[in-house]
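Each chain is listed here by its residues.
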Amino acid sequence: MFNHSRQGRIVRRFGARLLVEDEAGAVVACVTRRRLDDAVCNDAVLWEPQGDASADGVVTEVLPRTNLLERVDSRGQPKRVAANIDQLVIVCGVEPELNAGLIDQYLVAAENLPARAIIVYNKIDLLPDLQLPAALGDYPPLGYPLLLVSTKTGFGMDLLLLELSKGTSVLVGQSGVGKSSLVKTLLPDLDIRIGALSTMGGEGGRHTTSHTTRYALPGGGHLIDSPGVRDFAPGALSVAQLTRGFVEIGQISSECRFHNCTHRIEPGCAVMQAAVADGISQRRYESYLSLLTSA
Ligand SMILES: Nc1nc2c(ncn2[C@@H]2O[C@H](COP(=O)(O)OP(=O)(O)OP(=O)(O)O)[C@@H](O)[C@H]2O)c(=O)[nH]1
Ligand SMILES: [Zn+2]
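Thresholds applied
Residues numbered from 1 in each chain as written. Chains lettered and ligands numbered in written order. Predicted model: local features only at pLDDT ≥ 70, side-chain atom pairs only at ≥ 80, totals over all residues. Heavy atoms only, no water. UniProt positions renumbered as here; feature names shortened; annotations may be inferred. Donors = N, O, S within 2.8 Å, 3.2 Å for Na, K, Ca; no water. Tetrahedral: all angles 85-135°; square planar, octahedral: opposite > 155°, others 65-115°. Helix = DSSP H or I, 4+ residues; strand = E, 2+ residues; numbered from the N terminus. Buried < 20%, exposed > 50% of the residue type's maximum accessible area, 1.4 Å probe, protein only. Contact = heavy atoms within 4.5 Å. Polar contact = N/O pair within 3.5 Å; in protein donor to acceptor, adjacent residues only side chain to side chain. Pairing = 2+ DSSP bridges. Near = heavy atom within 4 Å. Areas by Shrake-Rupley, 256 points an atom, 1.4 Å probe, with all protein chains shown as cover. Nonpolar A, V, L, I, M, F, W, Y, C, P; charged D, E, K, R; others polar.

An unreviewed UniProt entry lists the protein under the name Small ribosomal subunit biogenesis GTPase RsgA, from Ectothiorhodosinus mongolicus. You can read under Subcellular location (unreviewed entry) in the UniProt record for the protein the words "Cytoplasm". Per UniProt, the protein has the following entry under Subunit (unreviewed entry): "Monomer. Associates with 30S ribosomal subunit, binds 16S rRNA."

(A) Examining the coordination of the zinc ion (ligand 2) more closely. Protein-derived coordination of the zinc ion (ligand 2) comes from Cys256 (SG), Cys261 (SG), His263 (ND1) and Cys269 (SG), at a distance range of 2.1 to 2.4 Å. In this structure, the zinc ion (ligand 2) is coordinated by four donor atoms arranged in tetrahedral fashion, with angles at the metal of 102 to 116°. Read from N- to C-terminus, the donor residues coordinating the zinc ion (ligand 2) fall into the pattern C-x4-C-x1-H-x5-C.

(B) Spotlight on the environment of Tyr288. As for its placement among the helices and strands, Tyr288 is situated in helix H9 (residues 282-293). Residue Tyr288 is classed as buried on the basis of its relative accessible area of 0%. C-alpha separation for the pair Tyr288 and Gly101, spaced 187 residues apart in sequence, amounts to 8.7 Å. Each residue touching Tyr288, except ones within four places of it in the same chain, is listed here: Leu242, Phe246, Ile249, Thr262 and His263. In terms of polar contacts, Tyr288 uses its side chain to reach the backbone carbonyl oxygen of Thr262, at 2.6 Å.

(C) The pairing of strand E6 (residues 68-72), seen in detail. As defined by bridge partners, E6 adjoins strand E7 (residues 78-83) across five bridges and the pair is classed as antiparallel. Note on E7: the bridge partner recorded for Leu69 is Ala82. Count of turn residues in the E6/E7 antiparallel hairpin: five residues, of which Gly76 carries a positive phi of about 80°.

(D) Examining the side chain of Thr168 more closely. By the element assignment, Thr168 lies in strand E11 (residues 168-172). When neighbours within four sequence positions are excluded, Thr168 is seen to be in contact with Asn42, Asn84, Ile85, Asp86, Gln87, His222 and Ile224.

(E) Local environment of the site of ligand 1. Taken together, 15 residues lie near ligand 1, and Asp125, Thr151, Ser175, Ser180 and Ser181 sit nearest. Contacts to ligand 1 include Lys123, whose side-chain N or O atom sits 2.8 Å from an oxygen atom. Lys179 is positioned such that a nitrogen or oxygen atom in its backbone is 2.8 Å from an oxygen atom of ligand 1. Surface burial for ligand 1 is 65%, taken as the share of its 650 Å² of free accessible area covered by protein chains. Here the shell around ligand 1 takes three residues from helix H3 (residues 179-186), the largest share from any one element. Among the residues making up the shell around ligand 1, the classes are represented as two nonpolar, nine polar and four charged.

Listed below in structure tokens is the structure:
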């Protein structure tokens, strides 16, 4: 049989209906022929044009993913949110007070996806003397870019757009740090775009912001956004995930006497020695220990 399959990318899923961006950048309203229950936002798919009234295309296959972002819902069940994430943008800010332990948890999540991680420190307008919390100094030496921004003044937004142009990103972070404000600054025409997609997607014309959606950013790259994405909280972690997630600990752990060292009480632990000798940040080590006790 002649193969009409084309590649596309899921922009948004609304039940059985999918909005798929075709290779030319046009958005096509699709249904699924078989029940592709696990298809999520930003999945690469194969689809075939179809000319009937219900939809313009049929999604036939979900292509292999590089990763899958899942969140834990209110009943403790994992929920698939989006696929093929390149960068986790961890948003924090001058207020509420910095929660470095939470940043460390997000970094563990990023390293395990795996995805690149960027730390964005917002509301810099509230910090005229630029006295940053000491904990933020832990991150750039580990290779995590730290960007200072203000959605209020626009400071740092050009650099942020540049970082975001490198791939497909999601914004995560604690409530009140300014994630919604950032999205509005990055995508000033968000309401219009949501309106257009809602009309296309058979969502009854409701301008729904609740569905996870992939947006093209003005400087290149894409942002995947929804309240569910922004509320993403790292779930329970295994010891292996923790060691992978604290990159400096993972690096030194090959020098520990025991290959399965948890770096807590074991003799000959190179990580403990490094923490005492300032080879790694004492605060990060303690953060690791506190996550280990809940692992
Ligand atoms: N001074 C200052 N205030 C900001 C800035 N960005 C956001 N805010 C304020 O911070 C508050 C929280 O911003 P939101 O964008 O709602 O934060 P959020 O992270 O989306 O919060 P949730 O919706 O609870 O997750 C609002 O009152 C914003 O006006 C900034 O750059 N400077
Ligand atoms: Zn050790």
